[in-house]
Amino acid sequence: MASEAALAGVVAAVVGFSSSFVVVLAGLVAVGATPSQAASGLVALCVAQALGMLWLALRHRTPVSLAWSTPGAALLVTTGTVQGGWPAAVGAFVLTGVLVVLTGLVPRLGDLVAAIPVPLARAMLAGVLLPLCVQPVLALADSPLLVGPVVLAWLVLVRPAPRWAVPASLVVALVVVAVEAGDTVAAQDLLPTLSLTLPAWSTSAALGIALPLYVVTMASQNVPGVAVMATFGYRVPWRESLGVTGLGTLLAAPFGGHAINLAAITAALMAGPAAGADRARRWQASVAASLTYLALAVAAGALTTLVAAAPDGVVQSAAGLALLGTLAASLGDALAEEHERLAAAACLVVAASGVTVLGIGAAFWALVAGLVLRQVLRTGEVRAGAA
């Protein structure tokens, strides 16, 4: 294995994992998982994306990169518990996997996702991310001595080494947690575990979790992932990738995994020049990343235990900093087109409100509000033009 490709794969896996695993844990706990169930979900996601990535890389000799759905995890944070609790959330994860598989099998389903206006999809994501990105500000005001070092580590590196700014802030956060937790962490809690949950089904979970999770994963992860690969001259096996990620989501769901998908940011690391000058050998970066994720799965229990023992605001600050770049990109896409701006703004504020109506979370209602207002505005424009 070429050393440059292997190093790029290891770096991509470490950066991808460390930049967002706290968001995944927060999302799973928010929809009802216990710390042990959240740790199980993290292990399941690591294994599912590692095996899926290994299969695609070896089969197609292409540096395909898979990841868990970070925007989807952020969505779970703002959704909170639904009717039926954690088993219903697991059922929603299973349904998400089914929808992804069907998208690969039924092109019409993919067309329906593509029909959702991009500004609205991005606005919904921005609204979901906004409350999380505010956390560093609130936590810094409440606990400056604990949160200050986390923010400072990010600030020092965000300009000279932006790729490592979030991992560095997370390392500082974990150090703060380790110092504060002291001897309260038991040794047996540091081991990785798998916890099986039988899925339950509820309409509120299907509409409040599965549907928004599917839309966010497709629009914010899978489609950009294909675009990133195309910029480096690689063609992603689209239907097979959806089948692999959908099946991986299905298998990981009973163990607490919410969704896996094509990666975008780590795809650029493994498909770009950082993986070596020989484009024909860059697929080896995906193999290295797969092996690294399997190794990181072993650390999931220890990391989850540390996060659970963290003082309020410390880990949330690291998570908010990790999502700040995604929020900026989502806002830019949502508000770029003037004629879509008002509907996108309405979608954003509804998603950010965190409101729950009929047991269904804000993300679903945000899309409804944006689509309704968009149609009202377009109908008004048509009538004005006719007059």
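Model, not experiment: these values are computed from the prediction.

Colleague: Would you take a moment to explain the packing of aromatic side chains for this structure?
Modeller: Pairs of aromatic rings are described using the distance from one ring centre to the other and the angle between the two planes. The final tally for this structure, using the stated rule, is 5 aromatic pairs. Measuring from centroid to centroid gives 6.3 Å for tryptophan 68 and tyrosine 293, while their planes differ by 70°, and the two rings are edge-to-face. With tryptophan 68 in strand β1 (residues 66-68) and tyrosine 293 in helix α13 (residues 283-298), this pair connects stretches of sequence that are 225 residues apart. Judged by its relative accessible area of 2%, tryptophan 68 is buried. Tyrosine 293 gets classed as buried once you look at its relative accessible area, which sits at 4%. Aromatic side chains tryptophan 86 and phenylalanine 93 sit 6.0 Å apart centroid to centroid with 75° between the ring planes, which places their arrangement in the edge-to-face category.

Colleague: Explanation requested: helix α10 (residues 203-231) in the structure shown.
Modeller: Residues three or four positions apart in an α-helix share a direction because the helix packs 3.6 residues into each turn. Between its first and last C-alpha atoms α10 spans 40 Å; for 29 residues at 1.5 Å apiece the expected length is 42 Å, and the two agree. Of the residues flanking the end of α10, it is glycine 233, one or two places downstream, whose phi is positive at about 85°.

Colleague: Looking at this structure, how should I read helix α6 (residues 118-133)?
Modeller: Between its first and last C-alpha, α6 extends 22 Å over 16 residues, near the 22 Å set by a 1.5 Å rise per residue. By the criterion of burial, α6 is predominantly enclosed, with 13 of the 16 residues buried.

Colleague: Is there a simple way to explain the side chain of serine 241 in this structure?
Modeller: The topology assignment puts serine 241 in helix α11 (residues 238-252). With a relative accessible area of 1%, serine 241 lands in the buried category. Every residue in contact with serine 241, bar those within four places of it in the chain, is listed here: Leu56, Val236 and Leu262.

Colleague: Honestly, the pattern of salt bridges in this entry has me stumped. Any pointers?
Modeller: A side chain with one charge can pair with a side chain of the opposite charge if their charged atoms come near. Counting across every chain of the model gives 5 salt bridges. Across the pair arginine 122 and aspartate 333 runs a salt bridge whose closest N-O atoms are separated by 3.2 Å. Here the residue arginine 122 occupies a position in helix α6, and aspartate 333 occupies one in helix α15 (residues 314-334), the gap between them amounting to 211 residues. Linking arginine 281 and aspartate 278 is a salt bridge whose minimum nitrogen-to-oxygen distance equals 3.5 Å. Looking at arginine 281, the relative accessible area reads 45%, which means it is partly exposed. A single network of salt bridges, built from pairs that share partners, joins Glu340, Arg374 and Arg378.

The rules we used
- Residues numbered from 1 in each chain as written.
- Predicted model: local features only at pLDDT ≥ 70, side-chain atom pairs only at ≥ 80, totals over all residues.
- Heavy atoms only, no water.
- Phe/Tyr/Trp six-rings, centres within 6.5 Å; stacked < 30°, edge-to-face > 60°.
- Helix = DSSP H or I, 4+ residues; strand = E, 2+ residues; numbered from the N terminus.
- Buried < 20%, exposed > 50% of the residue type's maximum accessible area, 1.4 Å probe, protein only.
- Expected span 1.5 Å × (residues − 1).
- Contact = heavy atoms within 4.5 Å.
- Salt bridge = Lys/Arg side-chain N within 4 Å of Asp/Glu carboxyl O.

All we've got here are geometric facts, nothing functional implied.
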